[in-house]
Amino acid sequence: MKILAIETSFDETACAIVEDGMKVISSVIYSQIALHKLTHGTVPEVAARAHVGKIIPVVEEALFQSQLSIADIDAIAVTQGPGLIGSLIVGVTAAQVLAKMWGKPLLAVNHIWGHLYANFLGREQLPDLPILIISVSGGHNDLVLLRKHGEMELLGQTQDDSAGEAFDKAARMLDLSYPGGPEIEKLAKLGRPGHFQLPRAWLQQVPTGLRPKEIHDFNFSFSGLKTALYTLVQKLGPLDEQVRADLAYEFQESVFDVMTTKLFGAWEKYRTPSVFISGGVSANQRFRSLAIEKFNQADTAVFYPTKLSYCTDNAAMIGAAAFFASKKVTDPVLEPDPSLWN
Ligand code: KG4
Ligand code: ZN
């Protein structure tokens, strides 16, 4: 089954054609990052207007690169939510028009499910279920058990900011540009361990200075870490390059220490054959290597998306989620849903 998928929930205008949920025939992403660098973050109306200008060109380009004709496409899929309402409307409207014009079924996809399924893209073999997935981006920070296709159990999520959001804000504090994740990762490589100590939010009772022996709270919180970094930066005054690198290092360690420890804690409970890390933050090499190191002792495979472009927002993941776990739209109108989770 060949699905043409559209994604416009945030600040990427994307279209892809995916076969049977795993084979990416074409994937085109127009990133608005250059536009949002000017404001150190995304301004919703600016994002929506930029989608309007790019939606038709990315659909045309995805079709062109696939060398398929419209007759070869079996269905149209689109992100229904969550996301920015103005951005979602552009993709949902375009998908509805195409489905109607071309006489194809329309499939509504949850963006977060897209990130969960991004790990299926480009694989030869279907991963065994159940799978424990940590999916982390700018807008969400979820620990999920995928029991069966389309059947997720949300084990934990952030109580405030996502790690991606914390990376973006921390980068601002360290005078780095947007998006902050890749910038912090680069600077942290020059950082020295042990020069600063930032807190870890375990969200369960742990004696000061100790680590939890067993994890039973799978939720996350990163706002305290953000504030701790801010307070430290204010106290230190003007920062030289080495100090900024040491702070970036410790910030990154704090985020990934908590995330990999909680992921492992969940695995000890559910013992899945493999674990997935996904979402924009899964592009981070330090996150990947800490997770691999942790699961080595358990002889359990850690999967991350086969391409960096499948970590951050893209339409191929929407095509994958549409194939494995989407709802066919039966009402005449598909309403975008900015607060949709499951
Ligand atoms: O999935 P995504 O493209 O968009 C959302 O759905 O939010 O994720 C973007 C987020 C940003 O917060 C960005 O800073 C973060 O992912 N990110 C990273 C890295 N690359 C992107 N965070 C840490 N390390 C990275 N290498
Ligand atoms: Zn996303």
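Look above for the structure.
From a predicted model like this one, the values you see are computed outputs, not experimental measurements.

Mind showing me how you'd approach the coordination of the zinc ion (ligand 2) here?
Around a metal, the perfect tetrahedron of four donors has angles of 109.5 degrees, and the perfect octahedron of six donors has angles of 90 or 180 degrees. For the zinc ion (ligand 2), every protein donor is listed as His111 (NE2), His115 (NE2) and Asp313 (OD), and the spread of their distances is 2.0 to 2.1 Å. Each of the 4 donor atoms bound to the zinc ion (ligand 2) contributes to angles spanning 95 to 138 degrees, and the resulting shape is irregular. Binding-site remark: the zinc ion (ligand 2) is held by donors from one chain whose sequence spacing is H-x3-H-x197-D. With His115 in helix α4 (residues 111-117) and Asp313 in the loop between β10 (301-303) and α10 (316-325), this pair connects stretches of sequence that are 198 residues apart.

Could you clarify how one ought to interpret the pairing of strand β6 (residues 131-136) in this entry?
Regular strands have side chains that alternate between both faces of the sheet. Of all 6 residues in β6, 6 are buried; the element is thus mostly enclosed. Side chains of β6 alternate between two faces, with Ile131, Ile133 and Ser135 and Leu132, Ile134 and Val136 buried alike. In the sheet, β6 pairs with strand β7 (residues 141-148) via 6 bridges, with the strands oriented antiparallel. Following the sheet pairing, Leu132 is matched in β7 by Leu145. A loop of 4 residues connects β6 with β7, the two strands running antiparallel in sequence. Two strands pair when backbone bridges link them, and β6 and strand β9 (residues 274-278) are joined in this way by 5 bridges, in the parallel orientation. Bridged to Leu132 within β9 is Val275.

What should I look at first to understand the site of ligand 1 in this one?
As a matter of local geometry, ligand 1 sits amid 19 residues, with Gly138, Asp168, Gly181, Glu185 and Asp313 nearest to it. Separating a nitrogen atom of ligand 1 from a side-chain N or O atom of Glu185 is a distance of 2.8 Å. Burial of ligand 1 by the protein chains amounts to 91% of its free accessible area of 550 Å². Elements supplying a minimum of two residues to the shell around ligand 1: α4, α5 (163-173) and α6 (180-188). At 4 residues, the largest contribution of residues to the shell around ligand 1 is made by α6. The residue makeup of the shell around ligand 1, split by class, is 5 nonpolar, 11 polar and 3 charged.

Honestly, the sheet that holds β6 in this entry has me stumped. Any pointers?
Either a parallel or an antiparallel arrangement is found when strands of a sheet pair, and the pairing is made through backbone hydrogen bonds. Strand order in this open sheet of 5 strands is β8-β7-β6-β9-β10, and the pairing throughout is mixed. Each having just a single partner strand, β8 (151-157) and β10 make up the two edges of the open sheet. Direction aside, neighbouring strands of the sheet carry axes that sit 25 degrees apart on average.

Explain the packing of aromatic side chains here, please?
Aromatic ring pairs are defined here through the distance separating the ring centres and the angle between the ring planes. All told, the structure shown has 13 aromatic pairs when counted by the stated rule. Geometrically, the ring pair formed by Phe167 and Phe256 is tilted, given 5.7 Å between the ring centres and 35 degrees between the ring planes. One end of the pair, Phe167, is in helix α5; the other, Phe256, is in helix α8 (residues 241-270), with 89 residues separating them in the sequence. An identical accessibility class is assigned to Phe167 and Phe256; each is buried. When the ring of Phe323 is compared with that of Phe324, the centres are 5.0 Å apart and the planes differ by 85 degrees; the resulting orientation is edge-to-face.

When you look at a nonpolar patch on the surface in this model, what are you seeing that I'm missing?
Residues Leu35, Leu38, Val43 and Val46 make up a contiguous nonpolar surface patch of roughly 340 Å² in combined accessible area. Following the sequence through the fold, Val43 ends up in the loop between α1 (33-37) and α2 (44-66). A residue is classified by how much of its surface remains accessible, and Val43, at 34% relative accessible area, is partly exposed.

Explanation requested: helix α3 (residues 85-102) in the structure shown.
Structural remark: α-helix, 3.6 residues per turn; residues separated by three or four positions point the same way. Between its first and last C-alpha, α3 extends 26 Å over 18 residues, near the 26 Å set by a 1.5 Å rise per residue. Against the buried residues of α3 lie β1 (2-7), α2, β4 (75-81) and β5 (106-110). Following α3 by one or two positions, Gly103 has its phi on the positive side, about 65 degrees.

Help me out: how do you make sense of the nonpolar core in this one?
For soluble globular proteins, nonpolar side chains are generally found buried alongside one another. If you look at the biggest cluster of nonpolar residues, it comprises 51 residues, and the most contacted ones within it are Ile134, Ile184, Phe251, Val255 and Met259. Taken together, the elements giving at least two residues each to this core come down to β6, β7, α5, α6, α7 (223-236), α8, β9 and α9 (285-296). For this core, the element with the highest residue contribution is α8, accounting for 14 residues. What Ile184 contacts, discounting residues up to four positions off in sequence, is Phe167, Ala170, Ala171, Leu174, Leu176, Ala248, Phe251 and Gln252.

What am I meant to see in unusual backbone geometry here?
Glycine aside, residues mostly have negative phi angles, and peptide bonds mostly take the trans form. Of note, the amide linkage connecting Gly81 to Pro82 takes the cis form, showing an omega dihedral of -5 degrees. Summarising the element assignment, Pro82 is placed in the loop between β4 and α3. Note the cis peptide between Leu129 and Pro130, where omega equals -5 degrees. With respect to the secondary-structure elements, Pro130 resides in the loop between α4 and β6. Phi is positive for Arg271, which is not a glycine, with a value near 50 degrees. For Arg271, the position within the fold is in the loop between α8 and β9.

About the cut-offs
All residue numbers refer to positions counted from 1 along the written sequence of the respective chain. Think of it this way: whatever chain is written first is A, whatever ligand is written first is 1, and the rest follow in order. In view of the model being predicted, local features appear only for residues whose pLDDT reaches at least 70, and side-chain atom pairs are presented and counted only at 80 or more, with totals across whole chains, interfaces and linings using the full set of residues. Hydrogens are left out, water is left out, and the side-chain values use all remaining heavy atoms of the structure. Atoms of type N, O and S within 2.8 Å of a metal are treated as its donors, and for Na, K and Ca the window is 3.2 Å; water is not considered, so some sites may appear to be missing partners. For a four-donor site, all angles between 85 and 135 degrees give tetrahedral; for four or six donors, opposite pairs above 155 degrees with the remaining angles between 65 and 115 give square planar or octahedral; all remaining cases count as irregular. Segments assigned H or I by DSSP are reported as helices when at least four residues long, segments assigned E as strands when at least two residues long, and all are numbered from the N terminus. Here's how the labels work: a residue is buried when its accessible area is under 20% of the maximum for its type, exposed when over 50%, partly exposed in between, all with a 1.4 Å probe on protein chains only. Should DSSP find at least two bridges between two strands, the strands are taken to pair. Throughout, the term near means that a residue has one or more heavy atoms lying within 4 Å of the molecule or strand in question. Any pair of N or O atoms that falls within 3.5 Å is considered a polar contact. Within protein, one atom must be able to donate a hydrogen and the other to accept it, and sequence-neighbouring residues count only if both atoms are side-chain atoms. Only the protein chains shown count as cover for residues, and all accessible areas are computed by the Shrake-Rupley method using a 1.4 Å probe. Three categories are distinguished: nonpolar for Ala, Val, Leu, Ile, Met, Phe, Trp, Tyr, Cys and Pro, charged for Asp, Glu, Lys and Arg, and polar for the others, with Gly belonging to the last. In this analysis an axis means a line fitted to C-alpha atoms, helices contributing only their contacting stretch, and an angle means the value between N-to-C directions, from 0 to 180 degrees. Each Phe, Tyr or Trp ring, with Trp reduced to its six-membered ring, pairs with another whose centre is within 6.5 Å; inter-plane angles below 30 degrees give stacked pairs, above 60 give edge-to-face pairs, and intermediate values give tilted ones. Patch construction takes residues with relative accessible area above 30% that form no salt bridge. Like charges are linked within 9 Å, and nonpolar side chains (Val, Leu, Ile, Met, Phe, Trp, Tyr) are linked within 5 Å. Salt bridges are identified by distance alone: a Lys or Arg side-chain nitrogen within 4 Å of an Asp or Glu carboxyl oxygen. A helix is expected to span 1.5 Å multiplied by its residue count minus one. What makes two residues a contact is simply this: any of their non-hydrogen atoms within 4.5 Å. By convention a nonpolar core is built from buried Ala, Val, Leu, Ile, Met, Phe, Trp, Tyr and Cys residues, the set being connected through side-chain atoms within 4.5 Å.

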